[in-house]
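# Structural overview
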Amino acid sequence: MQTVSVDEFIRQSFDFIIIGGGTAGLAVASRLAQDGKFTVGVLEAGGTANGRDDVEIPAYFGRSLGTDVDWGFETAPQASLGGRKVKWPRGKALGGSSAINFMTWTRASRKDYDAWEELGNSGWGWNDLLPFFKKTETFHPPNSSLQIEEDIRYDLDSFGTSGPIQISYPAEFSPTHRLWVKGLNSLGVPTNPAHVAGSNVGVWSNVTSVDPRTMTRSFATNYCSLAGSNLYILTEAVVQEIVLDNSDGGFVASGVRFTHKGQEYVSSAAHEVILSAGTIKSPQILELSGIGSPEVLSRAGIAVKVDSPMVGENLQEHKALHYIFEVDPEFKSTDDLNLDANLAAAAREQYDRDRAGPLASLPSSYTYVPLANFIPQETLEKLYSRAHALTGFPPEKKALMERRLRSRDEFGQVEYLFKLGVGLPPDNSKKYGMMFQILQHPFSVGSIHVQPQPASGDDPVIDPGHYHGPPGEIDLEVMLESTRFAHTILHAPPFNDVVKQLLNPPASLFEDDENIKKWIIDGTVIALHAVGTCAMGGHAGIRGGVVDERLKVYGVKGLRVVDASVMPLQISAHIQSTVYAIAEKAAAMILDDVAR
Ligand SMILES: Cc1cc2nc3c(=O)[nH]c(=O)nc-3n(C[C@H](O)[C@H](O)[C@H](O)COP(=O)(O)OP(=O)(O)OC[C@H]3O[C@@H](n4cnc5c(N)ncnc54)[C@H](O)[C@@H]3O)c2cc1C
């Protein structure tokens, strides 16, 4: 992957300029440049992350957080979390968040995508998206002995076979994985034999975005090899504003203003500017360019060019909790390496030599469970009536959210994920494990906007509204019920052979609902899957979103948004494969539109 100097970049005339060389940005840029017809420029705020151990080595996931490849955002104080701020890491490098994410590769349930279409975003249902999911990936099936040993089940036809992102099952599994699967089965959660084929419900061995040939992270920079010398990438280039020209009483995006090492530049695009700065920065860049709610813009002293009230609204994020427990010491985990320098050195040697061993592996014990599996009917009925009574949501969207809540088997509305090792063990003589609980379909909705007094480079104000108001009370109630089920999972035979003792929360907490709620409020973090701040508006148009179904920004010509922010409703999955599919579909639409 080649980057260019700023002089070379500004000398070029571009057909397309992409703001943000992240997950979607590099995918859409490379596809547009692929057949050599167009000159494509990418402006990325960060540098290059390829080749770094903390990026490439699977088991080092998480180590790059807080370094120069992480924007290191945090939320505004959250009233419903006792005034706590929540950390929101996000990738700042070529590859964006795909360079720092945890490499889980899942798809949501068919109905999650069909809901986008039902909102009036034609062409975004499961059947339309499936070819784009496949176009992204090359699936490497597990070898037959591993498949039999670990009872790995999948539907080969649902995977892609020639895309730039290499995906695979881990080559090694801990014996705890089989116990996890059996434990969930014993609670009535079936093994899902086709977990990327349209239903996430059940328990399975998970796929990861790891290239099994090199045992390294496979991420968005892989896309760049599709393009030739007509793809120009400039790093350390921070876009400040989209240049909007007046034309026939409207606005056309003609280029971007950016800074590079303190110097300001402008570059133009003959066809389109494509905004791929992610859910947090894309709305901010629109607002800095004068596209947004007049109220927000005037508070920030920005002249309104396009009155677009939903810019930065509709923020939806998966809320998460983690349980920490002592495990049977016979099970090996990455904590062993953190505690013993000799073991760590041996593991590194094995990885460098054979591309195998503990550094080559990632957690793979996942399950998505429908609420109806564990919440008593009477409680469910109360939740349904609370959802029905909610106000403030557009009726069409609310009806869909209610339907998803009521669904008994189309989605696992809560995800649990098990992993051995906790990073920093509280007591080095013992071994620990962790289970994450992630709420998939949040009712709480928040916003991301420019600072009221914006200065260049300022972080936007992130206010996810965790557990805020009546929608947040529903989320809290579902989290409470899910916490009880988490307790049940941890005690389900034979998985209970793994778990020796619950540490956080302590077992005594489960005796009192109010204590559990307090623990939830104190412990809620995010699953790093923010979406929705430049959503597709569907039937509601500019009153319901920021872009139309072809991802064109309402009220401006020559400008699209292509990244996680366009999802109108949160989905029940880790979202990277969906972001790539969005980028693939966007590239196909853009090429179609330009050819007309
Ligand atoms: C720590 C972490 C772990 C995650 N784990 C998983 C996982 O295991 N599985 C999964 O499916 N999903 C995971 N996700 C989510 C997933 O990776 C992201 O949702 C997805 O990568 C977002 O893609 P995007 O294109 O919308 O944005 P990004 O990939 O974040 O790209 C945005 C790009 O724009 C650049 N940019 C922003 N502002 C500017 C500007 N002003 N000028 C120039 N460039 C700019 C950024 O630097 C970045 O490179 C994780 C996310 C994080 C942060």
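Residues numbered from 1 in each chain as written. Predicted model: local features only at pLDDT ≥ 70, side-chain atom pairs only at ≥ 80, totals over all residues. Heavy atoms only, no water.

### A few points about the overall build of the chain
Put simply, the rule reads: We count a stretch as a helix when DSSP gives it H or I for four or more residues in a row; a strand needs E for two or more, and each element gets its number in order from the N terminus. It is over C-alpha atoms that the radius of gyration is taken, and the globule rule equals 2.2 Å times the number of residues to the power 0.38. A 1.4 Å probe rolled over the protein chains alone gives each residue an accessible area, and that area as a share of the maximum for its type sets the label: buried under 20%, exposed over 50%, partly exposed in between.
Secondary structure assignment for the chain yields 16 helices and 27 strands. The C-alpha radius of gyration of the chain comes to 23 Å, within 12% of the 25 Å expected for a compact globule of 596 residues. Principal-axis analysis of the C-alpha atoms places the extent of the chain at approximately 70 × 60 × 40 Å. Taking all 596 residues of the chain together, 60% fall into the buried category.

### Here's the deal with empty space enclosed by the protein
Heads up, the condition is: Grid points spaced at 1 Å over the protein atoms alone were grouped into cavities, where a 1.4 Å probe fits but cannot get out, and pockets, open sets with protein on both sides within 12 Å along at least five of seven lines, with lining residues defined by an atom within 4 Å of a point. Grid points are joined across faces, edges and corners, and a volume is the space filled by probe spheres set on the points. Here the nonpolar group is Ala, Val, Leu, Ile, Met, Phe, Trp, Tyr, Cys and Pro; Asp, Glu, Lys and Arg are the charged ones; every other residue, Gly included, is treated as polar.
Tallied over the full model, the rule gives two cavities of 30 Å³ or more. When its volume is computed, the largest cavity comes out at roughly 70 Å³. Together, Leu-371, Arg-404, Leu-405, Gln-413, Leu-439, His-441, Phe-443, Ile-474, Asp-475 and Val-478 line the largest cavity. Within the residue set of the lining of the largest cavity, elements represented by two or more residues are α13 (395–406) and α14 (469–490). It is α14 that contributes the most residues to the lining of the largest cavity, three residues altogether. Of the residues belonging to the lining of the largest cavity, the class tally is six nonpolar, two polar and two charged. Its volume calculated, the second largest cavity comes out at about 50 Å³. Residue lining of the second largest cavity: Ser-168, Tyr-169, Pro-170, Ala-171, Thr-208, Val-210, Met-215, Ala-360, Ser-361 and Leu-362, and that is the complete set. Residues of the lining of the second largest cavity, tallied by class, amount to seven nonpolar, three polar and no charged.

### Quick word on helix α15 (residues 513–523)
Here is the rule we go by: Picture the helix axis, draw a direction to every C-beta atom, and the arc is the one those directions span. Should any heavy atoms of two residues lie within 4.5 Å, those residues are considered in contact. Polar contacts, as used here, are pairs of N or O atoms within 3.5 Å; protein pairs need one atom able to donate a hydrogen and one able to accept it. Residues neighboring in sequence count only if both atoms are side-chain atoms.
Of the positions making up α15, those classed as buried are Ile-516, Trp-519 and Ile-520. What you see down the axis of α15 is that its buried residues fit within an arc of 100°, all on one side. Turned more than 90 degrees off the buried face of α15, the exposed positions are Glu-514 and Lys-518. On its buried side, α15 packs onto β18 (319–327), α14 and β24 (499–504). The opening residue of α15 is Asp-512, an N-cap whose side-chain oxygen sits 2.9 Å from the backbone nitrogen of Glu-514.

### What about the UniProt feature "active site" (unreviewed entry) in the chain?
Formally: UniProt positions are given in the numbering used here, feature names are shortened, and annotations may be inferred rather than shown by experiment.
As recorded in UniProt, the sites labelled "active site" (unreviewed entry) are His-529 and His-574. A maximum C-alpha distance of 6.8 Å is found for the annotated residues, which run over 46 residues; spatially they form one tight group. Residue position: His-529 is located in the loop between β25 (525–526) and β26 (556–557). When residues no more than four places from it in sequence are discounted, the contact partners of His-529 are Gln-316, Glu-317, His-318, Gln-570, Ala-573, His-574 and Ile-575. Mapping His-574 onto the fold places it in the loop between β27 (559–561) and α16 (576–595). Owing to a relative accessible area of 9%, His-574 belongs among the buried residues under this scheme. Residues contacting His-574, with those up to four places away along its chain left out, are Thr-104, Thr-106, Tyr-366, Tyr-368, Glu-415, Leu-417, Ile-438 and His-529.

### Thoughts on the site of the ligand
Cut-off, in case you're wondering: One heavy atom within 4 Å of a molecule or strand is enough for the residue carrying it to be called near that molecule or strand. The accessible surface values rely on the Shrake-Rupley method and a 1.4 Å probe; as for residues, cover is taken only from the protein chains in view.
Neighbouring residues of the ligand: 39 residues in total, closest Thr-23, Glu-44, Ser-97, Val-239 and Gln-576. In this structure, Ala-24 approaches the ligand through a main-chain N or O atom, which is 2.9 Å from an oxygen atom. At a separation of 3.1 Å, an oxygen atom of the ligand approaches a polar side-chain atom of Trp-71. With the chains in place, 99% of the 1000 Å² that the ligand exposes on its own is no longer accessible. Secondary-structure elements contributing two or more residues to the shell around the ligand are α2 (23–33), β13 (237–247), α8 (278–288) and α16.

### A short note on the pairing of strand β8 (residues 202–205)
Convention followed: At least two DSSP bridges between two strands are required for those strands to pair.
Burial along β8 is two-sided: Gly-202 and Trp-204 and Val-203 and Ser-205, pointing in opposite directions, are all buried. Bridge analysis of β8 against strand β19 (residues 365–369) gives four bridges, and the strand direction is antiparallel. Within the sheet, the bridge partner assigned to Gly-202 lies in β19 and is Tyr-368.

### Comments concerning the layout of surface pockets
Considered as a void within the structure, the second largest pocket measures approximately 650 Å³ in volume. In terms of lining, the second largest pocket is formed by 35 residues, of which the most central are Asn-314, Gly-392, Phe-393, Pro-394 and Val-445. Contributing elements (two or more residues each) for the lining of the second largest pocket: α13 and α14. Ranked by residue count, the leading element in the lining of the second largest pocket is α13, at three residues.

### Thoughts on the domain arrangement of the chain
Note the cut-off: Domain delimitation in this document rests on an assignment produced automatically or drawn from a domain database. In this description, buried area is defined as the sum, over both parts, of the accessible area (probe of 1.4 Å) that is lost when the two are combined. When a carboxyl oxygen of Asp or Glu lies within 4 Å of a side-chain nitrogen of Lys or Arg, that pair is called a salt bridge.
Considered domain by domain, the chain is made up of domain 1 (1–141 + 155–168 + 209–316 + 444–462 + 528–595) and domain 2 (170–206 + 319–439 + 467–523). Between the C-alpha centres of domain 1 and domain 2 the distance comes to 28 Å. In this assembly, 44 residues from domain 1 lie in contact with 48 residues from domain 2. Both sides of the domain 1 and domain 2 interface together cover about 3600 Å² of buried area, and 56% of this is carbon and sulfur. The three residues of domain 1 that bury the most area against domain 2 are Ser-80, Met-215 and Ser-444, which together make up 16% of that side's buried surface. Taken together, domain 1 and domain 2 are joined by four salt bridges. Residues Arg-403 and Glu-118 are paired through a salt bridge, measuring 2.7 Å at the closest nitrogen-oxygen approach. Where domain 1 meets domain 2, there are 22 residue pairs in polar contact (both at pLDDT 80 or more).

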